[in-house]
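As a plain string of letters, each chain reads:
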Amino acid sequence: MSDINKKEIHLKAFSELKGKIFHIPYQQRGYKWTKSNVEELLNDLREFISCNKESKRVYCLQPLAIVPLGDERYSVIDGQQRLTTLYLLHMYLYGNEPYTFEYDRDDSNIPSRSEYLKNIASENEKTADKNIDFFYIYTAYHYISDFFLDDKLKQSFRDLLERPKDQKSLQVIWYEVERARQYETFRNLNSGKIHLTNTDLIKALLLNRVSGLPQVERMEAAAIFERMERDLQNDHFWYMINGNELREGQTRMDFLFNLVAGCKQSDYDIDSRWSFRNYFNDSKKENLSQKWKAVRHTFLRLKDMYDNIYSYHYIGGLTYNSNRNPINNITRWLVLNRELTHSEFINRLRSEIKTILTRKHKAITEYSYYSDKKDLRLLFLMHNIETILQRFEQLHEDERLSLENEYEKFPFELLHRQSWDIEHISSNTDSDFRNSADRKAWLESIKQDLGNEYTKDENSKIKELEMIYSTSEKREDFNRLYTAIMRQYDDKTDSIKDNAPDGKDKMQIGNLTLLDSSTNRSYHNALFPRKRRYIIVADGISDKSDKFESSLTPRYIPPCTRQVFTKAYNKTNKLSLNAWTQEDADFYVKDMEQKLGYYYNNEKI
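Please explain the overall build of the chain as it appears in this structure.
Secondary structure summary: the chain contains 29 helices and eight strands in total. Expressed as a percentage of its 605 residues, the buried residues of the chain come to 54%. Sequence-distant contacts in the chain: of pairs separated by 6 or more residues, those separated by 24 or more amount to 70%. Summed over all atoms, the accessible surface of the chain reaches about 29,100 Å², with 46% contributed by carbon and sulfur.

Would you explain helix 18 (residues 373-397) in this entry?
Since the α-helix turns once every 3.6 residues, residues separated by three or four places project in the same direction. Between its terminal C-alpha atoms helix 18 stretches 36 Å, which fits the 36 Å expected from 25 residues at 1.5 Å a residue. Between the side-chain oxygen of the N-cap and the backbone nitrogen of Lys374 there are 2.8 Å, and the N-cap of helix 18 in question is Asp372.

Even after reading the chapter, I still don't get helix 9 (residues 215-232), so can you show me in this structure?
Relative to the 26 Å expected for 18 residues at 1.5 Å per residue, helix 9 spans 26 Å between its end C-alpha atoms, a close match to the ideal helical length. Listing the buried residues of helix 9 in full gives Glu217, Arg218, Ala221, Ile224, Phe225, Met228, Glu229, Asp231 and Leu232. Where helix 9 is buried, its residues meet helix 8 (198-207), helix 10 (235-241), helix 11 (252-261) and helix 14 (288-307).

Sorry, what's going on with the packing of aromatic side chains here?
Any two aromatic rings considered together are summarised by their centre-to-centre distance and by the angle between their planes. Under the counting rule described, the total for this entry stands at 34 aromatic pairs. When the centroid spacing of 5.9 Å and the interplanar angle of 50 degrees are considered together, the rings of Tyr87 and Tyr99 count as tilted. A residue pair is termed long-range when its members are at least 10 positions apart, and Tyr87 in helix 2 (residues 80-94) and Tyr99 in the loop between helix 2 and strand 5 (100-103) qualify at twelve residues. Take Tyr87: its relative accessible area is 0%, and that puts it in the buried class. Relative to Tyr103, the ring of Phe101 lies with its centre 5.9 Å away and its plane at 35 degrees, an arrangement referred to as tilted. Within the aromatic cluster, the residues linked to one another by ring pairs are Phe14, Phe22, Tyr74, Tyr87, Tyr99, Phe101, Tyr103 and Trp174. Just above the ring of Tyr279 sits the side chain of Lys291; from NZ or CZ to the centre is 5.1 Å. Over the ring of Tyr598 we find Lys354, and its NZ or CZ is 5.2 Å from the ring centre.

Teacher, can you tell me more about the pattern of salt bridges here?
When their charged atoms lie close together, side chains carrying opposite charge are able to pair. For the coordinates displayed, the defined rule picks out 23 salt bridges. Across the pair Arg277 and Asp271 runs a salt bridge, and its minimum N-O distance is 2.9 Å. In this structure, the salt-bridge partner of Lys360 is Asp375, at a minimum N-O distance of 3.2 Å. With Lys360 in the loop between helix 17 (342-357) and helix 18 and Asp375 in helix 18, this pair connects stretches of sequence that are 15 residues apart. Salt bridges sharing common partners tie together Lys32, Arg113 and Asp133.

Could you clarify how one ought to interpret the environment of Leu11 in this entry?
With respect to the helices and strands, Leu11 occurs in strand 1 (residues 9-13). Residues Leu11 and Pro63, 52 residues apart in the sequence, show an inter-C-alpha distance of 9.2 Å.

I keep staring at the side chain of Thr513 and nothing clicks. Help me out?
With respect to the helices, strands and loops of the structure, Thr513 is situated in strand 8 (residues 512-516). Overall, the relative accessible area of 1% leaves Thr513 in the buried class. One polar contact links Thr513 to Thr561, side chain to side chain, over a distance of 3.0 Å.

Explanation requested: the packing of helix 14 against helix 16 (residues 326-339) in the structure shown.
The angle between the axes and the distance between the axes are what describe a pair of packed helices. Where helix 14 contacts helix 16, the two axes come as close as 11 Å, and the packing angle between them is 85 degrees. With respect to helix 16, the element helix 14 is oriented roughly perpendicular. Only Ile330, Trp333, Leu334, Asn337 and Arg338 of helix 16 make contact with helix 14, whose side of the interface consists of Thr298, Arg301, Leu302 and Met305. For the contact of helix 14 with helix 16, the per-class residue count stands at five nonpolar, two polar and two charged.

Looking at this model, I keep getting lost on unusual backbone geometry. Mind explaining?
Backbone geometry follows two general trends: most residues other than glycine have a negative phi, and most peptide bonds adopt the trans configuration. Even without being a glycine, Glu72 presents a positive backbone phi close to 60 degrees. By secondary structure assignment, the location of Glu72 is in the loop between strand 3 (58-70) and strand 4 (73-78). Given a relative accessible area of 38%, Glu72 falls into the partly exposed group. The phi angle at Lys567 is positive, at roughly 60 degrees, despite the residue not being glycine. Secondary-structure assignment places Lys567 in the loop between helix 27 (559-565) and helix 28 (582-595).

Just checking my understanding: could you explain the pairing of strand 5 for this structure?
The two faces of the sheet receive side chains in turn, since in a regular strand these alternate between them. Every second residue of strand 5 is oriented toward a common face, the buried set being Phe101 and Tyr103 and the non-buried set Thr100 and Glu102. When strand 2 (residues 21-24) meets strand 5, the two strands line up parallel, connected through four bridges. In the strand pairing of strand 5, Phe22 is matched with Phe101.

I keep staring at the confidence of the model for the chain and nothing clicks. Help me out?
In low-pLDDT regions, the fine details of the predicted coordinates are not to be read closely. For the chain, per-residue confidence averages 84 on the pLDDT scale, and residues scoring 70 or more make up 86% of the total. At the low end of the mean pLDDT range in the chain sits helix 7 (residues 182-190), at 51; at the high end sits helix 17, at 96. Contacts of residues 1-7 to residues separated by more than four positions or lying in other chains number 17 contacts, the stretch itself having pLDDT below 50. This stretch, residues 190-194, has a pLDDT under 50; its non-local contacts, to residues over four places away or in other chains, come to seven contacts.

Rules of the game
Residues numbered from 1 in each chain as written. Predicted model: local features only at pLDDT ≥ 70, side-chain atom pairs only at ≥ 80, totals over all residues. Heavy atoms only, no water. Helix = DSSP H or I, 4+ residues; strand = E, 2+ residues; numbered from the N terminus. Buried < 20%, exposed > 50% of the residue type's maximum accessible area, 1.4 Å probe, protein only. Contact = heavy atoms within 4.5 Å. Areas by Shrake-Rupley, 256 points an atom, 1.4 Å probe, with all protein chains shown as cover. Expected span 1.5 Å × (residues − 1). Polar contact = N/O pair within 3.5 Å; in protein donor to acceptor, adjacent residues only side chain to side chain. Phe/Tyr/Trp six-rings, centres within 6.5 Å; stacked < 30°, edge-to-face > 60°. Lys NZ or Arg CZ within 6 Å of the ring centre and 35° of its normal. Salt bridge = Lys/Arg side-chain N within 4 Å of Asp/Glu carboxyl O. Axes fitted to C-alpha atoms, helices over the stretch in contact; angles between N-to-C directions. Parallel < 35°, antiparallel > 145°, perpendicular 65-115°, else oblique. Nonpolar A, V, L, I, M, F, W, Y, C, P; charged D, E, K, R; others polar. Pairing = 2+ DSSP bridges. pLDDT = per-residue confidence, 0-100.

This is how it looks when you write it as structure tokens:
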């Protein structure tokens, strides 16, 4: 329940507000409700009164946030507009005030705002024009008086305001704030950082004993609500359906309520309490039992998608690729999931992925480092996903293993939380070092990796370039040294060359892989053997007694990236660990073509 104590929130009938004193602090703006605000409230109350459904026993207003001052006095942090309108309604219906107001801003006003409210029935336009607050109060009162055309309607409203909480009545969500937190709460409420979240409000509405849910259903709802909140805190589950960062005042449960309420992403971005205001607290919509049933069914359908290894990965991949409007995306997939069989649903998801992948590239070999990075990330992500799925299928079909459930899921949360690079396996010959510290670290690592090769007499050109750079420390001098070292390394090994005659250079798809940017930058254009060691250690195979290895941070290495640097794709006995060769790249691309065959070769599922 966000950061507030559950005991602070409960419902109060309007009749329970009588006799209280509400203090309006100086920082509160004046009363500003217009005709449309007043008429919307009155029309809603009239429809609520006329509804005879037993389940609709509470008309619940939005929160009244107050600080207890003692002796039935409360400082109002949020809710002044609603309190004032209900005061005016009571004044019109009964001719007396239900509660009283104190205003910090009344020192210089004659009459005071509290006096003006008390005498509102006898006030005129001339008096109202003297003060902007008086004007809004006066016009709101007359909107109320124009609304009631007969005594029968007046009596219905009187009954509504008089009834106790255990009867059909008008109620407010009563939110008490500790005095020490009042300024923080006021600041948060008025800056959009609302601590009383959409989820808090809906939970209070559903689980209150007079909310309309039958007692047995309410007790069950409390347990289910808690389980839903817990499941949505599972990052595996959450990032399958939504990769957006939550803002202040938003919760993961909101996403579920927004799906049920038909809230658009744009509406939610503007008003995080949209689904409470426009659906769950709207008596014109279905009753609370029906709304809660829709929440449960929607959640269970999402959970079924998560529990299935195929829908989990395909929905997660689509969410990662297009996360600007997750509400719309999941709404559409929920509809398809209801309408289609399981196999038809999986086929539809794969078809969507195929359309995206082949929009610009009809074959895997058409991709290169110059392709759109978003397209490359999806390609490599799908290679990892299909590798996981096909491995599961092989193990699942082996009767000796009796593997019923998945044993591995791709962690989409890391894709959303971290920055991911398209990494050259065999380092690019062009230098991209921008500061002297990186250049110095790279040169030291190269000397270690090459060992005696670096100091051989035939490398006099490199020694000369190093001397020039050590004297000038200029970037252009380092770039010449870097290029000479990399070209010599490529010439002496079977490493992929810069300008191969067949076009298979370092920018080809077979020399690229997916890696988090932190790991990528940690070895920064190192030679293949050092990169390989970095990856193996980061993946968890490290010697804690080794100073270098113990200094590296463990990272998630995608399965295909791990297989690249362990050279698992090359099954020949001519394997070289000194360089990433064209033969390695060809085997790697061949595996991509096999794993992603459905998307590029029209293979059947």
